[in-house]
Amino acid sequence: MKRPILIHPDPRLKKVCPPVADISDELRALADDMLETMYDAPGIGLAAPQVGVLDRLIVLDCVKDEAAPAQPMVMFNPEVLAVSDELNVYEEGCLSIPDQYAEVERPREVRIGWLDRDGNPQEQDFDGLWATCVQHEIDHLNGKLFIDYLKPLRRQMITRKMQKLKREKARA
Ligand SMILES: [Zn+2]
């Protein structure tokens, strides 16, 4: 089942989400809903606070080639365990900040630890788009958006555009 995606600014997008204590069927269903919502958008990552649920849960699939098999990943309590010194710049966007893109610099490679949907601990290295995406999604769990990396003026401009978009949507 698809869920509505919150649009910035929203106080729920600024909260630090507490860790998931145990992975219930309800949380697994939430992860499935989030994947469906992400693919439908379409997007390559989604964090639980973006659908208004303040739990440490993210989903992602950064396979861009339409002919390649999908690679959906579900991560409960994801943690950055190590980062490379080398940085990488990607033009990022966000489903909560539609049609706005900006370059953000982040570590090129990251090692992430998390619990999978069965509660088993996993650990994996990511690079390229996957590394950028997983860091962007983990930021969401800490109340941080990609526009928080931008200069204040640019951030305010984008926020005003989103406020206008929300007013228009409310009237529609
Ligand atoms: Zn985002």
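Above this note sits the structure.
We now turn to the structure provided with this report. (Residues numbered from 1 in each chain as written. Predicted model: local features only at pLDDT ≥ 70, side-chain atom pairs only at ≥ 80, totals over all residues. Heavy atoms only, no water.)

On a plain count of helices and strands, the protein comes out with three helices and seven strands. Listed N to C, the secondary structure of the protein is α-β-β-β-β-β-β-β-α-α in terms of helices and strands. In terms of C-alpha radius of gyration, the protein reaches 16 Å, essentially the compact-globule figure of 16 Å for 172 residues. Referenced to the eigenvectors of the C-alpha coordinate spread, the extents of the protein come out at roughly 45 × 40 × 35 Å. (Helix = DSSP H or I, 4+ residues; strand = E, 2+ residues; numbered from the N terminus. Rg over C-alpha atoms; globule rule 2.2 N^0.38 Å.)

With that out of the way, let us pick up the nonpolar core. Counting residues in each nonpolar core, the largest one holds 18 residues, and the members touching the most others are I58, L60, M73, M75, I112, F126 and V134. Among the secondary structure elements, those contributing two or more residues to this core are β2 (57–60), β3 (73–83), β6 (109–115) and α2 (128–141). Of the residues forming this core, the biggest block, seven residues, is contributed by α2. Sequence-distant contacts of M73, defined by excluding residues within four places in its chain, comprise L35, I58, V59, L60, W114, Q124, F126 and W130. One finds I23, A31, L46 and L57 within the second-largest nonpolar core, a separate group that totals 16 residues. (Core = buried A, V, L, I, M, F, W, Y, C linked by side-chain atoms within 4.5 Å. Buried < 20%, exposed > 50% of the residue type's maximum accessible area, 1.4 Å probe, protein only. Contact = heavy atoms within 4.5 Å.)

A word on the coordination of the zinc ion. The protein atoms that coordinate the zinc ion are C94 (SG), H136 (NE2) and H140 (NE2), at distances spanning 2.1 to 2.3 Å. For the zinc ion, the donor residues sit on a single chain with the sequence spacing C-x41-H-x3-H. Of this pair, C94 sits in strand β4 (residues 87–94) while H136 sits in helix α2, and the two are 42 residues apart along the sequence. Of the two residues examined, C94 and H136, each falls in the buried class. (Donors = N, O, S within 2.8 Å, 3.2 Å for Na, K, Ca; no water.)

Here the focus is the pairing of strand β7 (residues 121–127). As paired strands, β6 and β7 are joined by seven bridges and run antiparallel to one another. Directly across from V110, in β7, lies its bridge partner F126. The turn joining β6 and β7, which pair antiparallel and follow one another in sequence, is formed by five residues; a positive phi near 85 degrees is taken by G119. (Pairing = 2+ DSSP bridges.)

Attention now goes to the environment of G52. Looking at the element boundaries, G52 is found in the loop between β1 (45–47) and β2. Its relative accessible area of 29% is what places G52 among the partly exposed residues. For the pair G52 and D10, spaced 42 residues apart in sequence, the C-alpha separation works out to 9.5 Å.

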